[in-house]
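# A look at the structure
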Amino acid sequence: MSAVAGCPVAHGFDPLSDEYLAEPYSILNDLRESGPVHYVPSINYWVVTRYEDIAAILSDPAAYSATVAQAPLSSLTDEAQDILRRGLRNVPVLSNLDPPAHSRIRLHLAPLFLPRKVAKLQQRIEEFSKRLIDDFAQLGRVDIVPALTFPLPALTVFRLLGFPDADVEQLKQWCGDKLEINWGRPDADYQLRAATNMVKFWDYCERFVEQQTQVPGDNLTSQLLRQRESDDSALNDREIASVIFALSFAGHETTTNLIGNALRNLLSRHGLWQRLHADPALVDSAVEETLRFDSSVIAWRRVTTRAVTIGGVDIPGNTRLMLAFGAANHDPSVFPEPEVFDINRDNARVQLSFGKGTHFCLGQHLGRVEVRTVIGMLARRFPDLRLAEGQTVTYPRNISFRGPESLIVEWSPEEAAQWA
């Protein structure tokens, strides 16, 4: 692929650069203001930046295919490709599958993620949150990522799927390798290790489905298997393994990032955390504004199935697009004063961070419950929670998933004890 006539070329834009990873929004704003679509040589994608255009693309799967959503961003070595080709037997099922095949998969999964189903997980999420918070409540200082934002979503989604708690650390590591392969720019040595681990991850999912077939449990995997008892269109073993392979990554990575982004934004603005402590009803709107202002999914991908026109720019078929959610969620034509973090914003919920249309995120109810629960619990128990001074917050090196890798917070244990 290369630039086409009439399409601006953003030679200096690289969504994997240190500058962009540290602060992407001003860069994306400049890109959006200079034009709706740009060809970006650094990743060989066209980047779309306006809310209106991205919403239209997400709503038109016939013209904009999801098949590239999880494709490796960068070229892999022959050795890494061979490992993945021989070892991965998964099939597209969710974010990288188009209708009508996608519709069948979603039809069987959607009932398991209805709000009333997710509500039943509330007590478990509260128990996990309290247990993790109790472990550091008396310390006065902690890196909140490994202590809370990393393990909580993993414990939640892995328990939902049926995976043993003892496997959480290993599964999270494998998910990290998948993140780097599909959305990053790993070197040859990392590609080899990550490809090998992705195959181990897939083998684990296949074995787990087989185990659940023999000894069913009270979990989503067994629920999918039980659908076969009354539905001839129910998913087969490989499809179920592919579903849990996908959900075990998507179900926690975004929530880990969202909790971290919410804490960083809420704690870095004077008096905002104290407002949440005084008025817990503000937590819901604070989460929605975080989704808009500092999304845990900053970009997603599509490929054109035919020639299209985006923002007045003619784009040929088979063109790969990076949809810059981070630019769309800061589009002033939709969000007045978009650079202001406003927890009273009345339209924050129309942000595109969960997608739109056919692929609107199945787990959005679960993600919102998790984030609201943990932010609310922290605001109640730690009224003087604050960011530690002098820290530099870093983010993972990929184009789509954004959240702090480390976030050190401090508080007074004596004051926290009053609200335990």
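Before going into details, it helps to say that this report is about the structure given with it. All figures in this text were calculated on a predicted structure; none of them were measured in a lab.

### Quick look at the environment of histidine 252
With respect to the element layout, histidine 252 can be found in helix H13 (residues 237-267). In sequence terms histidine 252 and glutamate 288 are 36 residues apart; their C-alpha atoms lie 18 Å from each other.

### Things to note about the pattern of salt bridges
Evaluation of the coordinates by the stated rule reveals 21 salt bridges. Across the pair aspartate 82 and arginine 85 runs a salt bridge whose closest N-O atoms are separated by 3.4 Å. Placement of the pair is aspartate 82 and arginine 85 together in helix H4 (residues 78-87), with a separation of three residues, close to one helical turn. Classification of aspartate 82 as partly exposed rests on a relative accessible area of 28%. On the basis of relative accessibility, which here comes to 55%, the residue arginine 85 falls in the exposed class. In this structure, a network of salt bridges that share partners links the residues Asp82, Arg85 and Arg86.

### Description of the side chain of threonine 256
One can find threonine 256 in helix H13. A polar atom in the side chain of threonine 256 sits 2.8 Å from the backbone oxygen of threonine 149. Aside from chain neighbours lying at most four places away, what touches threonine 256 is Thr149, Phe150, Pro153 and Lys172.

### Notes on the pairing of strand E5 (residues 300-304)
The buried fraction of E5 is high, at five of five residues. Residues Trp300, Arg302 and Thr304 point to one face of E5 and Arg301 and Val303 to the other, with burial holding for every one of them. Note that strand E3 (residues 64-65) and E5 share two bridges and pair antiparallel. The residue of E5 that forms the bridge with serine 65 is valine 303. Looking at chain direction, E5 and strand E8 (residues 320-323) are connected through four bridges and run antiparallel. Paired with valine 303 across the bridge in E8 is arginine 320.

### Quick look at the packing of helix H10 (residues 168-183) against H13
Running from N to C, H10 and H13 cross one another at 90°; their axes reach a closest spacing of 10 Å. One way to sum up the angle between H10 and H13 is to call them roughly perpendicular. Along its contact with H10, which presents Lys172, Cys175, Lys178, Leu179 and Trp183, the element H13 presents Phe245, Ala246, Ser248, Phe249, His252, Glu253 and Thr256. Its residues placed into classes, the contact of H10 with H13 shows six nonpolar, three polar and three charged.

### Considering H4
Taken as a whole, H4 has its buried residues at Ala80, Ile83, Leu84 and Gly87. In a view along the axis of H4, the buried residues occupy a sector of 90°, so they form one face of it. The exposed residues of H4 that point more than 90 degrees off its buried face are Asp78, Arg85 and Arg86. Contacts made by the buried residues of H4 are with helix H11 (188-214).

### Regarding the state of the cysteines
Covalent bonding between the sulfur atoms of two cysteines defines a disulfide. Using the criterion set out here, one finds zero disulfides in the structure. Here cysteine 175 stays free of any disulfide, with the sulfur of cysteine 205 as its closest cysteine sulfur at 8.4 Å.

### Looking at helix H15 (residues 283-293)
Within H15, nine of the eleven residues are buried, which leaves the element mostly enclosed by the surrounding structure. Along H15, the positions that sit buried rather than exposed are Val283, Ala286, Val287, Glu288, Glu289, Thr290, Leu291, Arg292 and Phe293. Considering only its buried residues, H15 is in contact with helix H2 (24-34), H13, helix H14 (272-278) and helix H17 (364-381).

### Re the sheet that holds strand E2 (residues 45-48)
Strand order in this open sheet of five strands is E1-E2-E8-E5-E3, and the pairing throughout is mixed. Two strands close off the open sheet at either side, each with one partner strand: strand E1 (37-40) and E3. Note: E1 against E2, four bridges, orientation antiparallel. Paired with histidine 38 across the bridge in E2 is valine 47.

### So, the sheet that holds strand E10 (residues 408-410)
Read from one edge to the other, the open sheet built from three strands follows the order E4-E10-E9, with strand pairing classed as antiparallel. Because the sheet does not close on itself, it has two edges, and the strands there are strand E4 (141-143) and strand E9 (386-387). Pairing geometry for E9 and E10, over two bridges, is antiparallel. Across the sheet, residue leucine 387 finds its bridge partner in E10, namely valine 409.

### Brief notes about the packing of H4 against H11
Packed helix pairs are characterised by how far apart their axes lie and by the angle those axes make with each other. It is at 8 Å that the axes of H4 and H11 come closest, and there the two elements cross at 5°. The angle between the axes of H4 and H11 places the two elements in the roughly parallel class. The residues of H11 that touch H4, namely those facing Glu79, Ala80, Ile83, Leu84 and Gly87, are Gln191, Leu192, Ala195, Thr196, Met198, Val199, Trp202 and Asp203. Taken together, the residues of the contact of H4 with H11 break down into eight nonpolar, three polar and two charged.

Scoring rules and cut-offs
Residues numbered from 1 in each chain as written. Predicted model: local features only at pLDDT ≥ 70, side-chain atom pairs only at ≥ 80, totals over all residues. Heavy atoms only, no water. Helix = DSSP H or I, 4+ residues; strand = E, 2+ residues; numbered from the N terminus. Salt bridge = Lys/Arg side-chain N within 4 Å of Asp/Glu carboxyl O. Buried < 20%, exposed > 50% of the residue type's maximum accessible area, 1.4 Å probe, protein only. Polar contact = N/O pair within 3.5 Å; in protein donor to acceptor, adjacent residues only side chain to side chain. Contact = heavy atoms within 4.5 Å. Pairing = 2+ DSSP bridges. Axes fitted to C-alpha atoms, helices over the stretch in contact; angles between N-to-C directions. Parallel < 35°, antiparallel > 145°, perpendicular 65-115°, else oblique. Nonpolar A, V, L, I, M, F, W, Y, C, P; charged D, E, K, R; others polar. Arc of directions from axis to C-beta. Disulfide = S-S within 2.5 Å.

Keep in mind that these numbers describe shape and distance, not what the molecule does.
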